[in-house]
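Per-entry structural report
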Amino acid sequence: MSATPTVLVIRHLLFEDLGIFAPVLIESGYRIDYVDAGIDRIDPDAVYDADLLVVLGGPIGVGDQRAYPYLTDEIAAIAERIDRGLPTLGVCLGAQLIAAALGAAVEPTGRIEIGYAPLTFADVPDNPLAMLGQVPVLHWHGDQFAIPDGARLLASTPGFPHQAFDYGPAVLALQFHLEADHDRIEQWLIGHAHELATNGIDPAAIRADAGRYGPQLADHAREVFAAWLRSAGAPGTTRGTSAAIPC
């Protein structure tokens, strides 16, 4: 690993990027390298060598490996990285890929959860998500993961009881989108227009909620992300300290 800490980001849609997490990483001294799944090769050595791995969301699923075979490569590389105890964060599809890498089932539910809604937090010690409070977060999913053996359930909603888990201090999996930049929500509404129309969801409602909840959520999300980086022992942070959180 180089003197400059690196974050390798596996991206499945161009507009589903690091969003508000990027400034936290830049201010912590990270170099950000994107790998666009399906275009760039999933290089196992690059996945292992990165100081931090972030696997982002997308409209495909774990069950689509035959149609999108690079998902199989992702799961294998994630599994090896987790075995090595290296900091790894998954969001939405990324969380589902982490679950699959840990041997847990990931399946379509036949329903969807799209829009802003609060979470219920599991009563576990040092829940890394608790500082979100009751601020609604952005949901955009239809599949659900089982909680892997050895992992802790962290959050739920009434329709999707498995919203997040951690696996030791170095692995965090989020079904919802803390990273989404509310100032760029229009990219999501355009990019997922067909899904919204198919499910009878008014984009105006999501647009309004992004304006209503987005700024406060962004502040809390940055705190959660920076605190998790510290607890995971990621470079540029000090494990277990209360250092100032970059914004």
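Everything below is about the structure shown above.
In this report, the structure presented in the accompanying data block is examined.

Quick notes on the rules
Residues numbered from 1 in each chain as written. Predicted model: local features only at pLDDT ≥ 70, side-chain atom pairs only at ≥ 80, totals over all residues. Heavy atoms only, no water. Helix = DSSP H or I, 4+ residues; strand = E, 2+ residues; numbered from the N terminus. Buried < 20%, exposed > 50% of the residue type's maximum accessible area, 1.4 Å probe, protein only. Contact = heavy atoms within 4.5 Å. Polar contact = N/O pair within 3.5 Å; in protein donor to acceptor, adjacent residues only side chain to side chain. Phe/Tyr/Trp six-rings, centres within 6.5 Å; stacked < 30°, edge-to-face > 60°. Lys NZ or Arg CZ within 6 Å of the ring centre and 35° of its normal.

So, the environment of Arg81
- With respect to the helices, strands and loops of the structure, Arg81 is situated in helix H3 (residues 70-83).
- Residue Arg81 is classed as buried on the basis of its relative accessible area of 0%.
- When the C-alpha positions of Arg81 and Tyr48 are compared, they lie 5.6 Å apart, and in sequence the two are 33 residues distant.
- Ignoring sequence-local partners within four residues, the contact set of Arg81 consists of Val47, Tyr48, Ala50, Asp51, Leu52, Leu53, Leu86, Pro87 and Thr88.
- Here Thr88 takes part through its side chain, which lies 3.1 Å from a polar atom of the side chain of Arg81.

A closer look at the packing of aromatic side chains
- Within this structure, the stated rule accounts for 6 aromatic pairs.
- Pairing Phe15 with Trp188 gives two aromatic rings, centres 6.0 Å apart and planes at 65°, and the pair type is edge-to-face. Highlighted residues: Phe15 in the loop between strand E1 (6-11) and helix H1 (21-27) and Trp188 in helix H5 (residues 185-191), separated in sequence by 173 residues.
- Note on Phe15: relative accessible area 15%, which makes it buried.
- Between the aromatic rings of Phe21 and Phe225, the centroid separation amounts to 4.1 Å while the plane-to-plane angle is 15°, which identifies the pairing as stacked. Of this pair, Phe21 sits in helix H1 while Phe225 sits in helix H7 (residues 203-231), and the two are 204 residues apart along the sequence. Grouping residues by exposure puts Phe21 and Phe225 together as buried.
- The side chain of Arg84 reaches across the aromatic face of Tyr48, ending 4.0 Å from its centre.

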